[in-house]
Amino acid sequence: MPRMGYSFPEEVLEHVFSFIQSDEDRNAISAVCRSWHDIERWSRRRVFVGNCYAISPKMVIRRFPEVRSIELKGKPHFADFNLVPEDWGGYVAPWISAMASAYPWLEEIRLKRMVITDESLELISKSFKNFKVLVLSSCEGFSTEGLAAIAANCRNLRELDLGESEVEDLSGHWLSHFPDNYTSLVSLNIACLGCEVSFSALERLVGRCPNLRTLRLNRAVPLDKLANLLCRAPQLVELGTGAYSSELRPDLFSNLSGAFSGCKELKSLSGFWDVVPGYLPAVYPICSKLTSLNLSYATIQSPELIKLVSQCQNLQRLWVLDYIEDAGLVALAASCKDLRELRVFPSDPFGPEPNVGLTEQGLVSVSEGCPKLQSVLYFCRQMSNAALITIARNRPNMTRFRLCIIEPQAPDYLTLQPLDVGFGAIVEHCKDLRRLSLSGLLTDRVFQYIGTHAKKLEMLSVAFAGESDLGLHHILSGCENLRKLEIRDCPFGDKALLANAAKLETMRSLWMSSCSVSFGACKLLGQKMPGLNVEVIDERSPPDSRPESCPIEKLYIYRTVSGPRFDMPGFVWTMAENPALRLS
Amino acid sequence: MERCMAFDKELNLEATELRLGLPGIKESEKQPFSTIKSNKRAFPNMDEKSCGSKDGSKASHAQKCNQEIASPAKAQVVGWPPVRSYRKNCFQAKTMESEATSAYLKVSMDGAPYLRKIDLKVYKGYPELLKALEDMFKFSVGDYSESEGYNNGSEFVATYEDKDGDWMLVGDVPWDMFISSCKRLRIMKGSEARGLGCAV
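Since we're looking at a predicted model, the values are computed, not measured.

Rules behind the numbers
Per-chain numbering applies: the sequence of each chain, read as written, is numbered from 1 onward. Chains and ligands are labelled sequentially in the order written, the chains with letters from A and the ligands with numbers from 1. Reporting in this predicted model follows two pLDDT cut-offs: at least 70 for local features of residues, and 80 or more for side-chain atom pairs to be given and counted; totals over whole chains, interfaces and linings ignore these cut-offs and use all residues. Side-chain descriptors were evaluated using all non-hydrogen atoms of the structure, hydrogens and water having been removed beforehand. The rule is simple: take the accessible area with a 1.4 Å probe, protein chains only, and divide by the maximum for that residue type; under 20% is buried, over 50% is exposed, in between is partly exposed. Secondary structure counts use DSSP, requiring at least four H or I residues in a row for a helix and at least two E residues in a row for a strand, with both numbered from the N terminus. UniProt positions are given in the numbering used here, feature names are shortened, and annotations may be inferred rather than shown by experiment. Pairing between strands is defined by DSSP: at least two bridges between the two strands are required. Interaxial angles span 0 to 180 degrees and are taken between N-to-C directions of axes, which are lines fitted to C-alpha atoms, for helices over the stretch in contact. A contact between two residues is defined here by any heavy atoms of the two lying within 4.5 Å. An angle below 35 degrees is read as roughly parallel, one above 145 as roughly antiparallel, one from 65 to 115 as roughly perpendicular, and any other as oblique. Should the near helix be turned anticlockwise from the far one by less than a right angle, the crossing is left-handed, and should it be turned clockwise, the crossing is right-handed. Any residue outside Ala, Val, Leu, Ile, Met, Phe, Trp, Tyr, Cys, Pro, Asp, Glu, Lys and Arg is labelled polar, Gly included; the first ten of those are nonpolar and the last four are charged. By definition, the crossover connecting two strands over a helix is right-handed if that path, from the first strand to the second, turns clockwise as seen with the strands pointing away from the viewer. Throughout this description, the term nonpolar core refers to a set of buried Ala, Val, Leu, Ile, Met, Phe, Trp, Tyr and Cys residues connected via side-chain atoms within 4.5 Å. Under the pairing criterion, centres of Phe, Tyr and Trp rings, with the six-membered ring standing for Trp, must be within 6.5 Å; the plane angle then separates stacked pairs below 30 degrees from edge-to-face pairs above 60, leaving the rest tilted. Throughout this description, the term charge over a ring refers to an Arg CZ or Lys NZ atom that lies within 6 Å of the ring centre and within 35 degrees of the ring normal. A cavity here means a set of 1 Å grid points, computed over protein atoms only, where a 1.4 Å probe fits but cannot escape. A pocket is an open set with protein on both sides within 12 Å along at least 5 of 7 lines, and lining residues have an atom within 4 Å of a point. Grid points are joined across faces, edges and corners, and a volume is the space filled by probe spheres set on the points. Boundaries between domains were set according to an automatic or database domain assignment. Along the arc lie the directions from the helix axis toward the C-beta atoms.

This part takes up helix 8 (residues 144-153) of chain A. When you tally the buried positions in helix 8 of chain A, you get seven out of ten residues, the bulk of the element. Within the sequence span of helix 8 of chain A, burial applies to A:Thr144, A:Gly146, A:Leu147, A:Ala148, A:Ala149, A:Ile150 and A:Ala151.

Written as structure tokens, this is what we have:
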């Protein structure tokens, strides 16, 4: 009723809306009426674009003119494992140039799996006077020159986080470009950088930034410099060490231990490259306060790991190598009752034989002993249905479960049966499961279980599994909340895809590589579904040089409101409504 | 649709076949697997790099690539297990780094108020090292001979402490053995050096 709409002045509504931060809620507000839509769009300050090709920068800017913070994601997740060819896309440049003129007050840019150039970094540094946060997670395309521009020009920078990006290391001097009167740094993560940064510049920077909370160093920072840095920043909450090795020297040890003791707020530790066990006790004084520990580069053996972990009673997150072994995980389960997240990485992923005593038992122990465990990433070499059922029963509160049995299509090692029943138990008991990665020998049955039970599932990763299109059909027709589906090397073909075409518009994206989807099906899908970009990726030769029934190499389907993209390399084709487009 | 179904029937036969090979890849379209060493290289480029031959027919080139890549005992599957490349590089880099890093050692000289440090990896052999020491400490070493050590009437002799804690004359063992066993250097005064074969 129009009268209702006039009863609150705009300013009041705007003030009320300012308390609503979640995108979902804001989207709901926008749908109430025209005036709410308008007020909301002028007051939205933060935008998240899960797929940079789902919408154009112009459209975002047109709808939300006063954005202060933007997050963009580019390449599909499987790019992390080299399945997406280089030059596929994910270029952020058009976004940066559009925002440079439209959002002069932009404060935060967060990118994941995108390609960003030094030119873009320079443009960022010069266009946004109040720029505060730059997070580049798994990005590439830039060098330390771009970082130098950020350091030199962003007077209000709070956070510079390079994540696991690939940076061309031209020189370590970029850090010296922070002006002497720059003191606002709160968070710095340079762990991914290969070369040495100018150490004296780092020391001075750390010393003059009283609000520094997070410091993640790179491997090139030697251990004998760490104590000094810590003494200059005793207020640190999160620390990533550099190389944690040195010849054993009592003076160095006591300096280090003293420096660590002085950091009363330290809650998170990482780094530990090349770790020398003799120096680990230096961190013992602060272990009891740690909530997050990343030892996934630390090539130390189980006994040392046990000694360390047993002292971290407040640990919530542990990332570790499989050197921890089953015995270490038993100790973890006994000591760390607050554990929420466990990731166990393989120390020798390509070796044919197991090199450590880590089996499914370790995970079972942790699932028994840690009542709050909800997020698991576990690499191992054997698994059984019995273990999976036990884990599922122990931990119905599991929300993220990623299991990687190293040998593709490995069966239950006890019964030699497929692992359908085990994973079935996981989805049946863990009703809030949002993310799942499968491995081992799996038939279509497991997909039936998933389609039936995994109603909250948002992301599913499948490899070397299934027997027929029925498997894919179960997932697409059953998983109501599915947003991202990535599949490799499975015998899924056209039928399930075409039968569930409408489902694809309710998802962010679908990736299928080394499956059996034919070129003909892709064309059909592209023609029938204008709301989707159906990208065929084939590095062999153009797909229309072969019969339509031939399977394509890789398929990436995503919903979009901005039509086919124009920055594709030669080996990517978008199936458009008009088949004559783009196919010659 | 019929064509699809016929194709489908073919597939189903293969799909129900239990095998360890990768499902969905036809023999005729088979490509050699790329190894983990290729980080971001697109597959065709990697082949050229590893094979190294620029001419020759395409067929033999591809064959050669197949042979070279098939040589590891187990064919590596691209992107499996799903481990990020920076994690893989961590362990390879460790062994490579231990060869590439610097080897800074302390150098003392009898009578000097403070010690110096040099990086042994910078030098390719004894002549360079001794020249550097001469420049650093302003003394002269003289010519080396196996029987008599250094003889030019110099007051000083270059010695080093080895892994066993013994003080040895610089120059007796091959260079590579020297840099792997040398822990510190000492420019010893001639009067103490008599026992080391210095003809003073």
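Now that the structure has been shown, the text picks up again.
Feature annotation in UniProt assigns "domain: F-box" (unreviewed entry) to the following positions: residues 8-49 of chain A. Between the first and last C-alpha atoms of residues 8-49 of chain A the distance is 31 Å; the span itself is 62% helix and 10% strand.

Attention now goes to the sheet that holds strand 5 (residues 156-161) of chain B. Residue and element names in this part refer to chain B. Spatial strand order, 2-1-7-5-6: five strands in an open sheet with mixed pairing. Looking at strand neighbours, the two that pair on one side only are strand 2 (116-119) and strand 6 (167-169), the edges of this open sheet. Averaged over all adjacent pairs, the angle separating strand axes in this sheet is 35°, with direction ignored. Pairing between strand 5 and strand 6: three bridges, direction antiparallel. When the sheet's bridge partners are listed, Tyr160 is paired in strand 6 with Met168. Against the sheet, helix 5 (residues 126-137) makes contact with strand 1 (104-109), strand 2, strand 5 and strand 7 (184-189), and its axis sits at roughly 155° relative to strand 2, the strand it touches most.

In this section: the packing of helix 14 (residues 360-369) of chain A against helix 15 (residues 385-394) of chain A. Residue and element names in this part refer to chain A. Running from N to C, helix 14 and helix 15 cross one another at 15°; their axes reach a closest spacing of 9 Å. When the axes of helix 14 and helix 15 are compared, the pair comes out roughly parallel. For helix 14 against helix 15, the interelement crossing comes out left-handed. Along the contact surface, helix 14 presents Glu360, Leu363, Val364, Ser367 and Glu368, while helix 15 presents Ala387, Thr390, Ile391 and Asn394. Here the residues of the contact of helix 14 with helix 15 are counted per class, giving four nonpolar, three polar and two charged.

Residues and elements named next belong to chain A. The buried fraction of strand 18 (residues 459-463) amounts to five of the five residues, a majority that puts the element mostly inside the structure. Both faces of strand 18 are covered, namely the face carrying Met459, Ser461 and Ala463 and the face carrying Leu460 and Val462. The pairing of strand 17 (residues 435-437) with strand 18 spans three bridges and is parallel. Along strand 18, the bridge assignment pairs Arg435 with Met459. Between the parallel pair strand 17 and strand 18, the chain is carried across by helix 17 (residues 444-453), and the sense of this crossover is right-handed. As judged from the five bridges shared by strand 18 and strand 19 (residues 484-488), these two strands associate in the parallel manner. Bridge assignment links Val462 to a residue of strand 19, and that residue is Ile487. In the classification by handedness, the crossover that spans strand 18, the intervening helix 18 (residues 469-478) and the parallel strand 19 is right-handed.

With that out of the way, let us pick up the nonpolar core. Counting 195 residues, the largest nonpolar core has A:Ile109, A:Trp174, A:Tyr244, A:Phe260, A:Leu318, A:Phe401 and A:Ile450 as the members making the most contacts within it. Apart from the residues lying within four places of it in its own chain, the contact partners of A:Ile109 are A:Ile70, A:Ile96, A:Met99, A:Ile124, A:Phe128, A:Phe131, A:Val133, A:Leu134 and A:Val135. Among the nonpolar cores identified, the runner-up in size contains 26 residues, and B:Leu120, B:Leu129, B:Leu133 and B:Phe156 belong to it.

What follows concerns the packing of aromatic side chains. How two aromatic rings sit relative to each other is set out by the distance from centre to centre and by the angle between their planes. Residue and element names in this part refer to chain A. Counted under the stated rule, the structure contains 22 aromatic pairs over all chains. Between Phe128 and Phe131, the ring centres sit 6.1 Å apart and the planes meet at 35°, which makes this aromatic pair tilted. For the pair Phe128 and Phe131, one class covers both residues: buried. Of the aromatic side chains, those joined through ring pairs into one cluster are Tyr53, Phe78, Phe81, Trp88, Trp511, Tyr556 and Tyr558. Above the ring of Tyr53, the side-chain terminus of Arg565 is found at 4.5 Å from the ring centroid.

Turning our attention to the pairing of strand 15 (residues 375-380) of chain A. Residues and elements named next belong to chain A. Most of strand 15 is tucked away, with six of its six residues classed as buried. Judged by which residues are buried, strand 15 turns out to be covered on both faces: Ser375, Leu377 and Phe379 on one side and Val376, Tyr378 and Cys380 on the other are all buried. Crossover handedness for the path strand 14 (residues 341-345) to helix 14 to strand 15: right-handed. Taking the sense of rotation as the criterion, the β-α-β connection linking strand 15, helix 15 and strand 16 (residues 400-405) turns out right-handed.

Residues and elements named next belong to chain A. Taken as a whole, the second largest pocket holds about 890 Å³ of empty space. The set of elements that each furnish at least two residues to the lining of the second largest pocket consists of helix 3 (23-30), strand 1 (46-49) and helix 5 (57-63). If one sorts the elements of the lining of the second largest pocket by residue count, strand 1 sits on top with four residues. Across the lining of the second largest pocket, the residue classes tally to ten nonpolar, eight polar and eight charged. Residue contributions to the lining of the second largest pocket reach at least three from each of two domains, namely domain 1 (1-44) and domain 2 (515-583).

Here we come to the environment of A:His173. Secondary-structure assignment places A:His173 in the loop between strand 7 (166-168) and strand 8 (187-189). Sequence separation of A:His173 and A:Ala201 is 28 residues, and the distance between their C-alpha atoms is 8.3 Å.

Residues and elements named next belong to chain A. Along helix 12 (residues 302-309), the positions that sit buried rather than exposed are Ser302, Leu305, Leu308 and Val309. What you see down the axis of helix 12 is that its buried residues fit within an arc of 125°, all on one side. Where helix 12 is buried, its residues touch strand 12 (292-295), strand 13 (317-321) and helix 13 (325-335).

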